Amino acid sequence: MTNVPARPTRLGIISDTHGLLRPQALTALRGCERILHAGDVGRPEVLHALNALAPVTAVRGNNDKGVWADELPVCARVEAGQIGIHLIHDLAELDVDPAAAGIRVVISGHSHQPSISEQNGVLYVNPGSAGPRRFKLPIAIAELIVDASVVKAEIIALQI
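Report on the accompanying structure. What you are looking at is a predicted structure, and each value in this text was computed from that prediction instead of being measured. In this numbering scheme, every chain counts its residues from 1 along its sequence in written order. This being a predicted model, a pLDDT of at least 70 is required before a residue's local features are given, and a value of 80 or more before pairs of side-chain atoms are given or counted; all residues contribute to the totals for chains, interfaces and linings. To obtain the side-chain values, all non-hydrogen atoms of the structure were included, while hydrogens and water were left out.

1. Remarks on the pairing of strand E9 (residues 140-147)
The buried label applies to any residue whose accessible area, calculated with a 1.4 Å probe on protein chains only, is under 20% of its type's maximum; exposed applies above 50%, and partly exposed to all values in between. Strands are runs of DSSP state E lasting at least two residues, helices are runs of H or I lasting at least four, and both sets are numbered from the N terminus onward. Of all 8 residues making up E9, 6 are buried, and the element is well covered by its neighbours. Bridging between strand E1 (residues 9-14) and E9 involves 5 bridges; their strand directions are antiparallel. For leucine 11, the partnering residue across the bridge sits in E9 and is leucine 144. In this scheme, strands are said to pair when DSSP sees at least two bridges between them. Sheet topology places E9 next to strand E10 (residues 150-157); 8 bridges connect them, and they run antiparallel. The residue of E10 that forms the bridge with leucine 144 is alanine 153. Taking the residues between adjacent antiparallel strands as the criterion, E9 and E10 are bridged by 2 residues, where alanine 148 takes a positive phi near 60°.

So, in structure tokens, the structure goes:
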């Protein structure tokens, strides 16, 4: 019997939809094995539509209000391959040392500014906003490819 290596896992990352789930975002997220929503969802229907594509882990953003939003956690921990992922809406509210906690990726939203950076072995990913345009910032999502202990992130600008 031969060992077949596990195939890479593709996670879709979306944030700041503010109730607007664009068809371009749905198309870009199709084929993901899991979708991570970094808050400011806006309406529960956004999560229902995303769940039709793949299982969703979502956190509550500062604009998420109501009974449905109260059910969302402020932060969440997800494992993909050998990678620990921490999901939070506002990076300024991160109250854990990711490297010390075994977290390899921190995903946040809030700023609407897409970015990928690495500090102390931790990858920080903000997909930007997939909802209503703010200022002149791009409309974007991100994807995370996890292959065992290797992780890569990419910002995907949506053509609106």
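2. A look at the pairing of strand E5 (residues 83-88)
Here E5 lies mainly inside the structure; 6 of its 6 residues are buried. Of the two faces of E5, the one carrying Ile83, Ile85 and Leu87 and the one carrying Gly84, His86 and Ile88 are both buried. When strand E4 (residues 75-80) meets E5, the two strands line up antiparallel, connected through 6 bridges. Across the sheet, valine 78 pairs through a bridge with isoleucine 85, a residue of E5. Counting the residues that bridge the hairpin from E4 to E5 gives 2 residues, and of these glycine 81 lies at a positive phi of roughly 60°. Taken together, the 3 bridges between E5 and strand E6 (residues 105-107) define a ladder with parallel strand orientation. For histidine 86, the partnering residue across the bridge sits in E6 and is valine 106.

3. Remarks on the environment of valine 146
Relative to the elements of secondary structure, valine 146 occurs in strand E9. Placed 88 residues apart in sequence, valine 146 and alanine 58 show a C-alpha to C-alpha distance of 19 Å. Contacts are assigned to residue pairs that have any heavy atoms within 4.5 Å of one another. In contact with valine 146, not counting residues within four places along its chain, are Pro8, Thr9, Leu11, Ala80, Gly81, Ile83 and Val151.

4. As for helix H2 (residues 44-51)
Taken as a whole, H2 has its buried residues at Val46, Leu47 and Leu50. Axial view of H2: buried residues confined to an arc of 95°, hence all on one face. Packed against the buried residues of H2 are E1, helix H1 (23-29), strand E2 (34-37), strand E3 (56-58) and helix H3 (67-70). Directions are taken from the helix axis to each C-beta atom, and the arc is the one they span.

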